[in-house]
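Summary of the model geometry
So the chains spell out like this:
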Amino acid sequence: MTSQPETGIAASAPVFRDYDQAALDAQLNLRARWPEHPQFFERWAADSAAVRSARGGELDLSYGSGPEETLDLFPASGEGPVPLLAFIHGGYWQALDKSDYSYLAPPFADRGIAFASLNYSLAPAAAIGTMIDQIRRALVWLHKNAGAYGIDPGRIVVAGHSAGGHLAAMALSTDWPAFEAGLPAGLLAGGCSISGVYDLEPVRLSYHNAVLKIAAERAAGWSPLHVLPAAAPQMIVAVGAEETAEFRRQHAEYATAWQHRGLPLLDVALPDRHHFSAVDALGEADHPLCVAVQQLLHGQVS
């Protein structure tokens, strides 16, 4: 995140559930909770640069007309068209970049799965609603152009971390034929959200809204918890056991709501992981989360 909470302001009245302003801000101030976060950012960037140097890839492909509407694609060899994992970065909708996550590609590319890292516009220049539509258009572009890159358009899975998990969950809730005429209802073969944000109301009420500017009337419609689909493919969710209580609360409520709809869900435990270490599990070939996503891409998760 790029903004910081105001200081010196007394706040004792509850503003969200049992949280007063200071407590709510603390639940959502992840960089303060884990001051070692710059080490993660530096490692991700360095490891990602090494992957691009060693493996190349199709970089900065445009899925739209805006300067931020680009993606990096790492093809994979295999017999016939291969599945694709489309990854959305986090950063509280305010920071980071697709190039920071190339390091996640190798365990997928090495197992015959193409990997794409998606960019989108960031706050305060863009509203979260704009980002939701950009990710939808990126996924539509990947579906339509799959053949040109040896990808099976019927085996595209979307994944994301933190704010990217929110955007991935919103993609799973999309009515694709309504979004664009002619698209299949099953445009996505599945999804994965790691330490995602599913309820924007506490975010709106926190210090983050000085940058995000979420209007009260928009919060529910932009919240995956409140726009669950009637039908959906397999969803994989995971949250670090060391996450803040609010992140674990949102994870639990979203997973429960998804299952109450009768939608298929797999909840993968992430013991000894906090907000910044959770996403690394996706890039560890033997980690249960990475294995589960690979199985989903190969149609092996029930």
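For clarity, every value in this text was computed on a predicted model and none was experimentally measured.

Reading the values: the criteria
Residues numbered from 1 in each chain as written. Predicted model: local features only at pLDDT ≥ 70, side-chain atom pairs only at ≥ 80, totals over all residues. Heavy atoms only, no water. Helix = DSSP H or I, 4+ residues; strand = E, 2+ residues; numbered from the N terminus. Expected span 1.5 Å × (residues − 1). Buried < 20%, exposed > 50% of the residue type's maximum accessible area, 1.4 Å probe, protein only. Arc of directions from axis to C-beta. Contact = heavy atoms within 4.5 Å. Core = buried A, V, L, I, M, F, W, Y, C linked by side-chain atoms within 4.5 Å.

**Brief notes about helix α3 (residues 37-55)**
Helix length check: α3 (19 residues) gives 27 Å between terminal C-alpha atoms against 27 Å at 1.5 Å per residue, within 8%. Among the residues of α3, those classed as buried are H37, F40, F41, W44, S48 and V51. For α3, the angular spread of the buried residues around the axis is 100 degrees, confining them to a single face. Facing away from the buried side of α3, by more than 90 degrees, are the exposed residues Q39, E42, S53 and A54. Summarising the contacts, the buried residues of α3 are in contact with α2 (30-33), β4 (70-74), α4 (106-109) and α11 (275-278). Count one or two residues on from α3 and you reach G56, which has phi positive near 70 degrees.

**Quick look at the nonpolar core**
Counting residues in each nonpolar core, the largest one holds 100 residues, and the members touching the most others are L85, W93, L118, L139, L142 and L289. In terms of residue count, the dominant contributor to this core is helix α5 (residues 128-144) (nine residues). Setting aside its immediate chain neighbours within four residues, L142 contacts L71, L84, A86, A116, L118 and I156.

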